[in-house]
Each structure stands twice: as C-alpha cells, then as structure tokens.
Amino acid sequence: MEQIKKPTIICIANEKGGVAKTTSAINIAAGLSLRGKKVLLIDIDSQTHLTNWLDFTFDGKPTIAELIYQTVAQFPINHDDFIRHNEKLNLDYIPATPMLAGAVTTLHADQTDETTVFTRIFSDNYFVKYDFIIIDCCPSLDLRITNAVICSDILLITVQADPIPYQGTDKMLKTLLRMKPTANIGEDVLILPTMAMNIQVSKAVLEAIHTSYGSMVLPAIPFRASVKNSSAEKTVLVKRRSDDVGRAYMNVVDVLIGGEHNG
Ligand SMILES: Nc1ncnc2c1ncn2[C@@H]1O[C@H](COP(=O)(O)OP(=O)(O)OP(=O)(O)O)[C@@H](O)[C@H]1O
Ligand SMILES: [Mg+2]
C-alpha cells in the first residue's frame, strides 16, 4: 500500500523575544519554496510580525485564532477559508491577528487534551499537500508553544549569539524537551545560532553553544544590517545570492530538506 507523505512540521521557538524567530521562519520558508517545496507558514504570535511581513491586509476571513477555536469547539472546518497565499514568496500562510491573545484560554477549554489541539489540526488530510509547515512561535512557553512543540517533527530553537539573551537557554531547552520526551537530539531538536558577530563576546557565546549542544547546532546566521532592511522592506534574503545571511539561511534549508519526511 502506498504511504501518504506527511508534511514535516517545524516549530521555531525561544522563550526570549527578539532572537530572530520570525526572521528565521520567513527566510527558511522562502528558501524551502525556492528549492521547490510547498510550504505553509503559521503565525501563532499575537504581535503578528510574520503576518505583517507577509503583507496581510485584513480580509474578513478566519485566522489562526478561529482555527484553534473551531477545533476546540469541535465545529466543522473549511480549511480553504484559513489559507492565504503570498505571491512574491510563493508561500501559503495562516495569519494571526491581535485576537490570538485569547487563544491560551481557548486551548485550556479543550475537552480532549489541551496540549494536542495543534496535532489534531495539522494531522488533517488537508495538509498532506504541503512538504513543510513552519510555525513561528511567540516569545513565551505558554500552551500555544506546548501545542506547537508537541505537533512538530523538528523543534528549531533560535539562540542569539550574545551573552544576555543566551542566559537561561539550558533551562528553557530542558523545559521544551520535557514537552517532547521522545525527540532525538540533533535530529528532531536543532539550535540555530543567530546574529553572530565578529566580536569576542559573540564568538565566546558561539563556542559555548557548540560545547553544550554540539550535534544539535546548525550553521550560524551572521549579524547584518541587511536583515533590518529586509524586514522593513518585507523582502527575504534567501533570494539574494550576494547576501551572506541569505546564503547562511539556504545552508539551513538544505539541512532541513535532508531530514524531510520520506514516507
Ligand atoms: N541576522 C540578523 N542580523 C541583524 N539583525 C537581525 C538578524 N536577525 C534578526 N535581526 C533583527 O532582530 C530583530 C528581532 O528579530 P525577529 O523579529 O525575527 O525576532 P523574534 O525572535 O521573532 O522576536 P519576537 O520574540 O518579538 O517575536 C529584528 O529587528 C530583526 O530585523
Ligand atoms: Mg517573532
């Protein structure tokens, strides 16, 4: 019997704010699309940075908050209503609005298992048309993150190569791994060092990341002003061959394609 190919779900998380979760989500998603993969991006952050980057304008159709609500309420779901397409990046996405702030309360109301709502959502056959589903998390460890971690095949933690945001990484990682006790370290759980600078303190953090997490560590993303411009311009760097941040994200994309579901 032919096996149905499932999408590889990647959850991009870190409890800390401003450590390049959204920048990584959009560049990795766009890079996967450049490699011919069909990608769905999910924004679960009520700050809606990813949604804004994708140039979403409110269209009156349901968003991720309603998808969570309808699943918890066990209402019928018309998946097509939730999916938007970004022509420029050739990506599908489910947007967030500030209304998502109430989603944690909604998840708590689930009668089956409040930690597996996303698992139920993304195991629907509707999503088999995607090769990758990428979830851009909010800076927290709330029930949205628990759901995202549990439903994912790969947990990708962006860690800023800077001493202050690096503090507490080990504790956070332990908390995330408790949500996913069967995960294979280095295969299902990866660390992406971001904003790496050519200065001593940043190099020291990179070294510490390699010492502590060796097999889990992806090639680092350098700190460049081009990233700031790209978020303001709503573009991605993976499309620019001359940009070393773009090239670094394409290296990550190729590692992820190597670990894609095959069966
Ligand atoms: N490689 C980089 N070089 C320079 N600046 C970067 C780089 N990566 C991200 N940034 C900048 O860092 C800031 C935070 O990035 P981003 O929004 O992706 O982080 P985040 O983890 O998603 O934040 P939040 O937790 O608020 O969702 C942004 O201004 C972004 O442009
Ligand atoms: Mg973000």
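Structure's up top.
Being a predicted model, the structure only gives us computed values, none of them experimental.

Cut-offs and rules
- Residues numbered from 1 in each chain as written.
- Chains lettered and ligands numbered in written order.
- Predicted model: local features only at pLDDT ≥ 70, side-chain atom pairs only at ≥ 80, totals over all residues.
- Heavy atoms only, no water.
- Near = heavy atom within 4 Å.
- Polar contact = N/O pair within 3.5 Å; in protein donor to acceptor, adjacent residues only side chain to side chain.
- Areas by Shrake-Rupley, 256 points an atom, 1.4 Å probe, with all protein chains shown as cover.
- Helix = DSSP H or I, 4+ residues; strand = E, 2+ residues; numbered from the N terminus.
- Phe/Tyr/Trp six-rings, centres within 6.5 Å; stacked < 30°, edge-to-face > 60°.
- Buried < 20%, exposed > 50% of the residue type's maximum accessible area, 1.4 Å probe, protein only.
- Expected span 1.5 Å × (residues − 1).
- Arc of directions from axis to C-beta.
- Contact = heavy atoms within 4.5 Å.
- Patch = residues over 30% accessible without salt bridge, like charges linked within 9 Å, V, L, I, M, F, W, Y side chains within 5 Å.
- Salt bridge = Lys/Arg side-chain N within 4 Å of Asp/Glu carboxyl O.
- Core = buried A, V, L, I, M, F, W, Y, C linked by side-chain atoms within 4.5 Å.
- Pairing = 2+ DSSP bridges.
- Axes fitted to C-alpha atoms, helices over the stretch in contact; angles between N-to-C directions.

Quick look at the site of ligand 1
Working step 1: The full set close to ligand 1 counts 19 residues, and Val19, Lys21, Thr22, Thr23 and Pro222 are the nearest of them.
Working step 2: In the model, an oxygen atom of ligand 1 is placed 2.9 Å from a nitrogen or oxygen of the valine 19 main chain.
Working step 3: One of the side-chain nitrogen or oxygen atoms of lysine 21 is found 2.7 Å away from an oxygen atom of ligand 1.
Working step 4: Surface burial for ligand 1 is 87%, taken as the share of its 640 Å² of free accessible area covered by protein chains.
Working step 5: Elements supplying a minimum of two residues to the shell around ligand 1: helix H1 (21–34) and helix H10 (225–233).

Considerations on the packing of aromatic side chains
Working step 1: Throughout the structure, instances matching the rule amount to six aromatic pairs.
Working step 2: Arranged with centres 6.3 Å apart and planes meeting at 80 degrees, the rings of phenylalanine 118 and phenylalanine 122 form a pair that is edge-to-face. Of the two residues, phenylalanine 118 and phenylalanine 122 both sit in helix H5 (residues 117–122), four residues apart, roughly one turn of that helix.
Working step 3: A residue is classified by how much of its surface remains accessible, and phenylalanine 118, at 2% relative accessible area, is buried.
Working step 4: Its relative accessible area of 5% is what places phenylalanine 122 among the buried residues.
Working step 5: Judged by centre distance (5.2 Å) and plane angle (70 degrees), the rings of phenylalanine 122 and phenylalanine 127 are edge-to-face. Pair check on accessibility: phenylalanine 122 and phenylalanine 127 agree, each one buried.

Brief notes about unusual backbone geometry
Working step 1: A positive phi angle, close to 60 degrees, is found at glutamine 74, a residue other than glycine.
Working step 2: Here glutamine 74 lies in the loop between helix H3 (64–72) and strand S3 (84–86).
Working step 3: For lysine 234, which is not a glycine, the phi torsion comes out positive at approximately 55 degrees.
Working step 4: Take lysine 234: it is sitting in the loop between H10 and helix H11 (244–258).

Some points on H1
Working step 1: Its 14 residues place the ends of H1 20 Å apart at the C-alpha level, agreeing with the 20 Å of an ideal helix rising 1.5 Å per residue.
Working step 2: Here H1 lies mainly inside the structure; 13 of its 14 residues are buried.
Working step 3: The first or second residue beyond H1 is glycine 36, which carries a positive phi of 90 degrees.

With respect to H10
One turn of an α-helix holds 3.6 residues; hence residues three or four places apart share an orientation.
Working step 1: Taken as a whole, H10 has its buried residues at Ser226, Val227 and Ser230. Along the axis of H10, the buried positions cluster into a sector of 100 degrees, meaning they face one direction only. Across from the buried face of H10, at angles greater than 90 degrees, the exposed residues are Ala225, Lys228 and Ala232.
Working step 2: Tucked inside the fold, the buried residues of H10 contact H1, helix H2 (49–53) and H11.

Considering a nonpolar patch on the surface
Working step 1: Together, Met197, Ile199, Val201 and Phe223 make up an exposed nonpolar region whose accessible area comes to about 320 Å².
Working step 2: Among the secondary structure elements, phenylalanine 223 is positioned in the loop between helix H9 (200–213) and H10.

Details of the nonpolar core
Working step 1: Counting 51 residues, the largest nonpolar core has Ile44, Phe122 and Ile135 as its most contacted members.
Working step 2: Aside from chain neighbours lying at most four places away, what touches isoleucine 135 is Ile9, Ile10, Cys11, Ile12, Ile42, Ile44, Phe122, Ala148 and Cys151.
Working step 3: Judged by nonpolar contacts, the second largest core, of 37 residues, contains Ala25, Ile26, Leu54 and Val253.

Quick notes on the sheet that holds strand S7 (residues 189–194)
Where strands meet in a sheet, backbone hydrogen bonds hold them as pairs that are either parallel or antiparallel.
Working step 1: Spatial ordering of the open sheet is given by S3-S4-S2-S5-S1-S6-S7, a layout of seven strands whose pairing is mixed. Either end of the sheet is taken by a strand with one partner, and the two such strands are S3 and S7. Strand-to-strand twist in this sheet, taken as the mean axis angle between neighbours without regard to direction, amounts to 25 degrees.
Working step 2: Two strands pair when backbone bridges link them, and strand S1 (residues 8–13) and strand S5 (residues 132–136) are joined in this way by five bridges, in the parallel orientation. Its bridge partner being in S5, isoleucine 9 is matched across the sheet by isoleucine 133.
Working step 3: Packed on one face of the sheet, helix H8 (residues 169–179) meets strand S6 (154–160) and S7 and runs near 170 degrees to S6.
Working step 4: Against the sheet, H11 touches S1, S5, S6 and S7, its axis set at about 175 degrees to S7.

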